[in-house]
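# Summary of structural features
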Amino acid sequence: MIEKLVCVNCGAEYFPQSADAPNVWMTCPTCGPAEGILDFRYDLEAVRDSWLDKPLSKREHNHWRYAELLPLKETSLRTDWQVGWTPIVDAERLATELDLERVLLKDEGRNPSASFKDRASSVGVAHAMEVGANAIACASTGNAATSLACHAALAGIEANIFVPHTAPEPKLAQLLVFGARVFSVEGSYDQAYQLCSSACEQFGWYNRNCAINPVLVEGKKTAGLEIAEQVAAYGGVPDWVAVSIGDGCTIAGIWKGLSEMHALGMIDRLPRLLGVQAKEVAPIPYALEHGVLPEPGEGTTMADSIDVQVPRNWRKAVNALDSAHGRVVCVSDEQILAAIRLAGRHGVFAEPAAAAALAGVVEAVDAKIIEPHESVLVMITGSGLKDIRSSIRAGGEPLSIKPDLTSVEAAVENAM
Ligand SMILES: *Cc1c(COP(=O)(O)O)cnc(C)c1O
Ligand SMILES: [Zn+2]
């Protein structure tokens, strides 16, 4: 139930129903592809009526339940792809440890390719099919690509993937097993990104890159829509939602979803956002303060999914943080390793970029940004199986023993 597309740069409005619109869904023609990012707006009255008519409570537990808030024709929805409605773990012991009212871990690792990115890729691939694309492409530090390859395989269309040669092996393995054509670029993510954009133009591939394709954000948004519904069972809207930031599209998308649910009257208040970055790769705090990006730094982080020195969607992320009275904290790789263990001790297996959000919560509690007795929902954006080396680093060594009970006994005593 799209009403219009609005250019986030110049404010120009485009109406999909009008005659000149069919080509206007990527970027604003006036502002160009670098600045003219478009944003979908919906007829919320009509959405509300439709939800009264067909209540959410009677719908299937996946993200297609929000059909009216997706930029897809009803016939393009792929309800057979099980994406979203990921479980929430109520980590009570952790809340007690941190002196918080509640700590909720939303386990996005339980999506089809084991990360949050499946939300965007599933909607992107469904849209690519709607517009008749026969190939789709993206540049990614890993998860956007693996989720795209997964959904391209489900759809039976070709996927072209540009990854920096530093991508963790499990993510590469996923790509290759899903049958994507993988270009391992001897260069940075930024270079892989530019190359992908040029290739899309040259070969006419559908471009899955979030920064320029507004359809993808709509997929990411579903996490915010879902949080609004799910938290009803956990004391209502939490004081904070913590999300790690790479390009900035995830946090912006989640905020959009939460805001739409608020505008629809589904929740009575909005949470604050806690953005989390790696200490060595932290352009967002600077952008938040100065309104421009800093010169790209040289540092890196083990959290490959947020190892982004030049975030593509920093403006959207900054806008979201501003309107959410948000704060940003930065965490070291050591803190991330500790948070991998912490999440694990509460039954959630997190990759480094996902654990970073939890590390950020611990940091924010220490810094008194999050106050005692507040409640937090932490987005665990990807599974620990995504980066098994880091998981092993975080987990430590098993007890090595001889195959007899005495050895077990000795080891148990030793370990105590
Ligand atoms: C992509 C990703 C993020 C960050 O999302 P951005 O949109 O780049 O800010 C965080 N965690 C995981 C696991 C990711 O794959
Ligand atoms: Zn514009």
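Within any chain, residue numbers begin from 1 and follow the written order of that chain's sequence. Written order determines the labels here, with chains lettered from A and ligands numbered from 1. Note on the predicted model: pLDDT of at least 70 is required for a residue's local features to be given, and 80 or more for side-chain atom pairs to be given and counted; whole-chain, interface and lining totals, by contrast, use all residues. Computation of side-chain values: all heavy atoms of the structure, hydrogens and water removed.

We count a salt bridge whenever a side-chain nitrogen from Lys or Arg sits within 4 Å of a carboxyl oxygen from Asp or Glu. This structure, assessed with the given rule, holds 21 salt bridges. With a closest N to O distance of 3.5 Å, R181 and E158 form a salt bridge. Taken as a pair, R181 in strand β8 (residues 181–185) and E158 in strand β7 (residues 158–164) lie far apart in primary sequence, 23 residues in all. Of the charged contacts, one joins K221 and E260 as a salt bridge, the two residues approaching to 3.0 Å between their closest N and O atoms. Of this pair, K221 sits in helix α8 (residues 214–230) while E260 sits in helix α9 (residues 249–263), and the two are 39 residues apart along the sequence. Pair check on accessibility: K221 and E260 agree, each one buried. Here the salt bridges share partners, and the residues they tie into one network are D39, R41, E218, K221, K256 and E260. Labels follow the DSSP assignment, with helices taken as runs of H or I lasting at least four residues and strands as runs of E lasting at least two, numbered in each case from the N terminus. Exposure categories follow from relative accessible area, calculated using a 1.4 Å probe and restricted to protein chains: below 20% of the type maximum is buried, above 50% is exposed, and the middle band is partly exposed.

Let us now look at the site of ligand 1. Close contacts around ligand 1 come from 16 residues, with K117, D247, G248, T250 and T381 the closest. As used in this structure description, the phrase polar contact means that two N or O atoms lie within 3.5 Å; if the pair is within protein, one of them must be able to donate a hydrogen and the other to accept it, and residues adjacent in sequence are counted only when both atoms belong to side chains. Side-chain polar atom of T250 to an oxygen atom of ligand 1: 2.7 Å apart, as the coordinates give it. Here a nitrogen atom of ligand 1 sits 2.7 Å away from a polar atom, N or O, in the side chain of T381. Each accessible area value is a Shrake-Rupley result obtained with a 1.4 Å probe; residue values ignore everything except the protein chains displayed when judging cover. When isolated, ligand 1 has an accessible area of 380 Å², and the protein chains bury 97% of it. When each cavity is represented as a set of grid points, ligand 1 is found to reside in the largest cavity. If even one non-hydrogen atom of a residue comes within 4 Å of a molecule or strand, that residue is called near it. Grid spacing is 1 Å over the protein atoms alone, the probe is 1.4 Å, and a cavity is where that probe fits but cannot get out, while a pocket is an open set with protein on both sides within 12 Å along at least five of seven lines and lining residues have an atom within 4 Å of a point. The rule for placing a molecule in a cavity or pocket is simple: more than half of its atoms must lie within 2 Å of the grid points.

Grid points are joined across faces, edges and corners, and a volume is the space filled by probe spheres set on the points. Considering all chains together, one arrives at one cavity of 30 Å³ or more under this definition. In this model, the largest cavity occupies a volume close to 390 Å³. Mapped onto the lining of the largest cavity, the elements with two or more residues apiece are α5 (143–155), α7 (189–203), α9 and α13 (352–366). Partitioned by chemical class, the residues of the lining of the largest cavity number 13 nonpolar, 14 polar and six charged. Ten residue types, Ala, Val, Leu, Ile, Met, Phe, Trp, Tyr, Cys and Pro, are classed as nonpolar, four, Asp, Glu, Lys and Arg, as charged, and the remainder, Gly among them, as polar.

A word on the UniProt feature "modified residue: N6-(pyridoxal phosphate)lysine" (unreviewed entry) in the protein. UniProt positions are given in the numbering used here, feature names are shortened, and annotations may be inferred rather than shown by experiment. In this structure's numbering, the residues bearing the UniProt feature "modified residue: N6-(pyridoxal phosphate)lysine" (unreviewed entry) are K117. In this structure, K117 sits in the loop between β5 (102–107) and α4 (118–130). In this description, contact between two residues means that some pair of their heavy atoms is separated by no more than 4.5 Å. The contacts of K117, once residues within four sequence positions are left out, are N143, A144, S147, R208, K220 and T250.

Here we come to the UniProt feature "binding site: pyridoxal 5'-phosphate" (unreviewed entry) in the protein. The UniProt record annotates "binding site: pyridoxal 5'-phosphate" (unreviewed entry) at N143 and T381. A maximum C-alpha distance of 9.8 Å is found for the annotated residues, which run over 239 residues; spatially they form one tight group. From the list above, the largest cavity is lined by N143 and T381. When you line up the elements, N143 lands in helix α5. We classify N143 as buried; its relative accessible area is 4%.

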